[in-house]
Amino acid sequence: MNDTALYHVLSIKDLTVFRGAAKILDRVTLALAQGETLALVGESGAGKSTIATAIMRLLENARVTGSATLAGEGDLLTLSERKMVKLRGRRLAMIFQDAGTALNPSYTVGRQLSTTLQRIHGLSKSDARKQAIDLFTSVGINDPEGRMSAFPHQLSGGMQQRVMVAIALAGSPDLLLADEPTSALDVTIQAQIVRLILKLTRERGASCVFVLHDLALASQACDRIAVLYAGQVVESGPARDVLERHRHPYTKQLKSCVLEIGAKDLVAPEGTVPSHDQMPNGCRFCTRCPRAVARCADETPPLVPARPTATGPLDHHIACWNPE
Amino acid sequence: MIVQTLSETKAPVTEQPIFELIEVEQVFEVPKPGRSLFSRETVGLRALDGVRLNIRKGTSLAVVGESGSGKSTLLRVLLGLDRPTGGRALYRSKPILEGRATGVEFARDVAMVYQDARGSLDPRMTIGALIAEPLRHFKIVPRQDEAARVSQLLDRVGLPADAADRYPSGLSGGQVRRVAIARALASEPSVLVADEAVSGLDVSTQAQLLILLRSLQRDMGLTLIFITHDLGVASFLCEEIAIMYLGRIVETGPTDAVLDAPSHPYSAALRAAAPQFFEPLSEPLSGEIPSPLNLPAGCRFSTRCPKVQDNCRLKDPQLGKLGPRRAVACLHPLEQQ
Ligand SMILES: Nc1ncnc2c1ncn2[C@@H]1O[C@H](COP(=O)(O)OP(=O)(O)OP(=O)(O)O)[C@@H](O)[C@H]1O
Ligand SMILES: Nc1ncnc2c1ncn2[C@@H]1O[C@H](COP(=O)(O)OP(=O)(O)OP(=O)(O)O)[C@@H](O)[C@H]1O
Ligand code: SF4
Ligand code: SF4
Ligand SMILES: [Mg+2]
Ligand SMILES: [Mg+2]
């Protein structure tokens, strides 16, 4: 594990996050190879944004254990804040889920991008402005010069999202965390932005973690997929394994809820995720799982290879006592 | 229970549209590009331009289209939040703003789920208080039944009862979305206008909400106006679809018919870009996305249209009938098989 970890841009081990008594993430283990794209999918509230925010060390009011090792830097969870300030925007960058709230409403979007460029690259004001216009152009903002002086509320949701993409790419990060970067966009622009993010990250061998809800899009954009349920990774591995040869009952349920165009039948899964004070000790899916067996409620299934040959950390893994 | 009260407000489906938009135009004055810091020069941004739309009572309409094409602006006009700068916007044959000004009925009857769900909720209020607010404001239930109704609404949108004591900041993006839906349903509206109401949700939560919305719409006669980027969602939930591009509705009709055989080239591009398992990501449309400050001459899609012909750059096509229930704004609509 230790020597393979060298080739991993990011290696998350047993990442656990508490908020008060609630265990929001429970021993999340994930690895990301260089140049690779990983999709985090799963129930809302499963902790996808928490993983991304924890890696950025921007979680507030939370107790974090485990490790998240960025190649060449060490464990992000224990680095000094000074070091983190240096890394953010340069080696690591994040596109936030709520573009509307992530942008500062009282500054123009041009100024927000320019100050980021000035801070990261030490550019002069006029150079930063030029580069900002170029970046706006490259993320497909029409009339980039005019939009420099727009305030966030004057832009459509999709346009705000592109501004976020531009800001995140400003420092050419090695690892981009994109938390639903396109869920506010129409499908043509979505495809364009995802292509753009992949192109810009691949060109420089950077890696990318996408939080996505659209499993079809995940299959198109990502090499690997990790499925989360209530703070636990329940299945992970190459996209085809997870989407077509999945063995975890929750992954199966997720897949059956995908709506293809023209579909009129949809069976909604029963129930909801238990609240944190009622979270089962064992497999957190056990309150809704059709395959639950006796030990499921009390014993947490470990994340293990889904078949005997899947031994590497990037291979197909599942956490289930009674898999499909 | 909510179900029953809603059904009392159910009216027979009539042909009289509940909303009618006639050549609606919404122009925002925005700073002139490149103006100097102290200049006050502005230019008009045509966020809506010649929008024609009829919405029948009891129908479900999906509004899809390019980001920035004016979908949210259209909803604001429908809700009477903004006065259109041109054309007429009618609710039950009366100007929407008049309806809105004459009392609480419009506000109760037409409920909204905003695109920015988190931003639409006061962060200092608990979820329970947020949902109780419309209950109280519209006098939906007596005070002593309030708590019970709140937990019923939470249950309806799939949130645990203990969510009532939490604050929006303690909820995930998807959970916040459910709160916004619960709040909109609280006033027992007959029209629900939703801007991207399920877009941030995982597919299983989405499935639950879509089934809920479909049953409210079908069984209780709720009129649903639903902005979505997901064509699968549009085709599951909505009988009709309106496709927008740069401030205009460019195609309308029954959802399945339009998605099976789009007649506007932009609709076809949208259809082709819908994510499909393990297919390569779709090629983007070529050409510049025009600025809404400077619409292209002739057809507004002509700068990117794969079917563009010479006359497209001269004449601006209006939305016109194409068969009994379909309409398209294109000089050379795609062949219907
Ligand atoms: N600031 C906070 N304080 C307390 N709990 C929080 C806070 N933010 C999130 N949570 C809780 O942490 C859990 C994980 O939230 P997170 O936002 O990571 O989910 P997510 O997987 O990103 O969901 P979504 O798909 O809806 O965005 C949820 O149960 C949520 O209620
Ligand atoms: N208050 C405003 N002032 C100036 N321009 C505005 C304002 N509101 C919207 N616009 C502009 O009007 C156009 C339509 O915006 P709108 O928000 O309606 O788009 P949308 O179709 O909802 O997009 P999205 O899918 O990205 O949410 C955009 O060009 C936007 O920048
Ligand atoms: S461990 Fe048990 S409850 Fe959990 S998914 Fe597997 S079978 Fe279901
Ligand atoms: S009018 Fe011409 S340019 Fe416009 S959509 Fe039709 S074919 Fe394309
Ligand atoms: Mg999230
Ligand atoms: Mg919008």
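Residues numbered from 1 in each chain as written. Chains lettered and ligands numbered in written order. Predicted model: local features only at pLDDT ≥ 70, side-chain atom pairs only at ≥ 80, totals over all residues. Heavy atoms only, no water.

Some remarks on the overall build of chain B
In step 1: Scanning chain B for helices and strands turns up 11 helices and 12 strands.
In step 2: In terms of C-alpha radius of gyration, chain B reaches 21 Å, essentially the compact-globule figure of 20 Å for 337 residues.
In step 3: Taken over the C-alpha atoms alone, chain B extends approximately 70 × 55 × 45 Å along its principal axes.
In step 4: Each of the 337 residues in chain B was classed as buried or not, and the buried ones make up 57%.
In step 5: Of the contacts made within chain B by residues no fewer than 6 positions apart, 65% connect residues no fewer than 24 positions apart.
In step 6: Carbon and sulfur atoms provide 51% of the accessible area of chain B, an area that totals close to 14,100 Å².
In step 7: When the 39 positive and 38 negative side-chain charges of chain B are each reduced to one mean point, those points stand 3 Å apart. (Helix = DSSP H or I, 4+ residues; strand = E, 2+ residues; numbered from the N terminus. Rg over C-alpha atoms; globule rule 2.2 N^0.38 Å. Buried < 20%, exposed > 50% of the residue type's maximum accessible area, 1.4 Å probe, protein only. Contact = heavy atoms within 4.5 Å. Areas by Shrake-Rupley, 256 points an atom, 1.4 Å probe, with all protein chains shown as cover. Lys, Arg positive; Asp, Glu negative; His and termini not counted. Charge placed at Lys NZ, Arg CZ, Asp CG, Glu CD.)

Quick word on the overall build of chain A
In step 1: When helices and strands are tallied, chain A shows 12 helices and 12 strands.
In step 2: The C-alpha radius of gyration computed for chain A amounts to 20 Å, which stays within 12% of the reference 20 Å derived for 324 residues, consistent with globular compactness.
In step 3: For chain A, the C-alpha atoms occupy an extent of roughly 65 × 50 × 40 Å along the three principal directions.
In step 4: Split into buried and exposed, the 324 residues of chain A put 57% on the buried side.
In step 5: Of the contacts formed within chain A by residues at least 6 apart in sequence, a portion of 61% connects residues at least 24 apart.
In step 6: Looking at chain A as shown, the accessible area adds up to about 12,900 Å², and 51% of this sits on carbon and sulfur atoms.

Considering the domain arrangement of chain A
All names here are of chain A.
In step 1: Structurally, chain A comprises domain 1 (8–81 + 173–189 + 201–318) and domain 2 (103–172).
In step 2: Look at where the C-alpha atoms of domain 1 and domain 2 centre, and you get two points 30 Å apart.
In step 3: Each partner contributes residues to the interface: domain 1 has nine residues there, and domain 2 has eight residues.
In step 4: Between domain 1 and domain 2, a total of about 680 Å² is buried, with carbon and sulfur atoms accounting for 66% of that surface.
In step 5: When the area that domain 1 buries against domain 2 is broken down by residue, the three leading residues are Pro 173, Pro 181 and Leu 185, summing to 49%. (Domains from an automatic or database assignment. Buried area = accessible area lost by both parts, 1.4 Å probe.)

Some details on the site of ligand 3
In step 1: Taken together, 13 residues sit near ligand 3, with Cys 283, Cys 289, Cys 296, Cys 320 and Trp 321 of chain A positioned nearest.
In step 2: Of the residues that constitute the shell around ligand 3, the class distribution is 10 nonpolar, two polar and one charged. (Near = heavy atom within 4 Å. Nonpolar A, V, L, I, M, F, W, Y, C, P; charged D, E, K, R; others polar.)

Notes on the confidence of the model for chain A
In step 1: Residues with a pLDDT of 70 or more make up 97% of chain A, whose mean pLDDT is 90.
In step 2: The model gives residues 1–6 of chain A a pLDDT under 50, and that stretch makes three contacts with residues more than four places away or in other chains. (pLDDT = per-residue confidence, 0-100.)

Description of the packing of helix H5 (residues 127–137) of chain B against helix H7 (residues 173–186) of chain B
Residues and elements named next belong to chain B.
In step 1: Viewed as axis vectors pointing N to C, H5 and H7 meet at an angle of 25°, and their least axial separation amounts to 8 Å. It follows from the interaxial angle that H5 and H7 lie roughly parallel. Relative to H7, H5 is oriented so that their crossing is right-handed. Together, Ile 127, Leu 130, Ile 131, Glu 133, Pro 134 and Leu 135 of H5 and Val 179, Ala 182, Arg 183 and Ala 186 of H7 make up the contact between the two elements.
In step 2: The class makeup of the residues in the contact of H5 with H7 is eight nonpolar, no polar and two charged. (Axes fitted to C-alpha atoms, helices over the stretch in contact; angles between N-to-C directions. Parallel < 35°, antiparallel > 145°, perpendicular 65-115°, else oblique. Left-handed = near helix turned anticlockwise from the far one by under 90°.)

Regarding the environment of Glu 239 of chain B
Residue and element names in this part refer to chain B.
In step 1: Residue position: Glu 239 is located in the loop between helix H9 (231–237) and strand E9 (240–245).
In step 2: Taking relative accessible area as the criterion, Glu 239 reaches 35% and is therefore assigned partly exposed.
In step 3: Considering only alpha carbons, one finds Glu 239 and Pro 31, 208 residues apart in sequence, at a separation of 40 Å.
In step 4: A distance of 3.4 Å separates polar atoms of two side chains, one belonging to Glu 239 and the other to Gln 217. (Polar contact = N/O pair within 3.5 Å; in protein donor to acceptor, adjacent residues only side chain to side chain.)

Let's talk about the sheet that holds strand E6 (residues 92–95) of chain A
Whether parallel or antiparallel, the strands of a sheet pair through hydrogen bonds between backbone atoms.
Residue and element names in this part refer to chain A.
In step 1: The strand order E6-E7-E8-E3-E9-E10-E12-E11 describes an open sheet built from eight strands, whose pairing is mixed. Only two strands of the sheet have a single neighbouring strand rather than two, namely E6 and strand E11 (304–305).
In step 2: Against the sheet, helix H9 (residues 187–203) contacts strand E3 (37–42), E6, strand E7 (175–179) and strand E8 (207–211), and its axis sits at roughly 155° relative to E8.
In step 3: Docked against the sheet, helix H12 (residues 249–256) engages E3, strand E9 (224–229) and strand E10 (232–238), running at close to 105° with respect to E9. (Pairing = 2+ DSSP bridges.)

Some words on the pairing of E3 of chain A
All names here are of chain A.
In step 1: With six of six residues buried, E3 lies mostly within the body of the structure.
In step 2: Here E3 shows two buried faces, one formed by Thr 37, Ala 39 and Val 41 and the other by Leu 38, Leu 40 and Gly 42.
In step 3: Here E3 pairs with E8 via four bridges, running parallel. Bridge pairing links Thr 37 to Cys 208 in E8.

What to know about the site of ligand 4
In step 1: Contacts to ligand 4 come from His 264, Pro 265, Cys 299, Phe 301, Ser 302, Cys 305, Lys 307, Cys 312, Pro 317, Cys 330, Leu 331 and His 332 of chain B.
In step 2: Partitioned by chemical class, the residues of the shell around ligand 4 number eight nonpolar, three polar and one charged.

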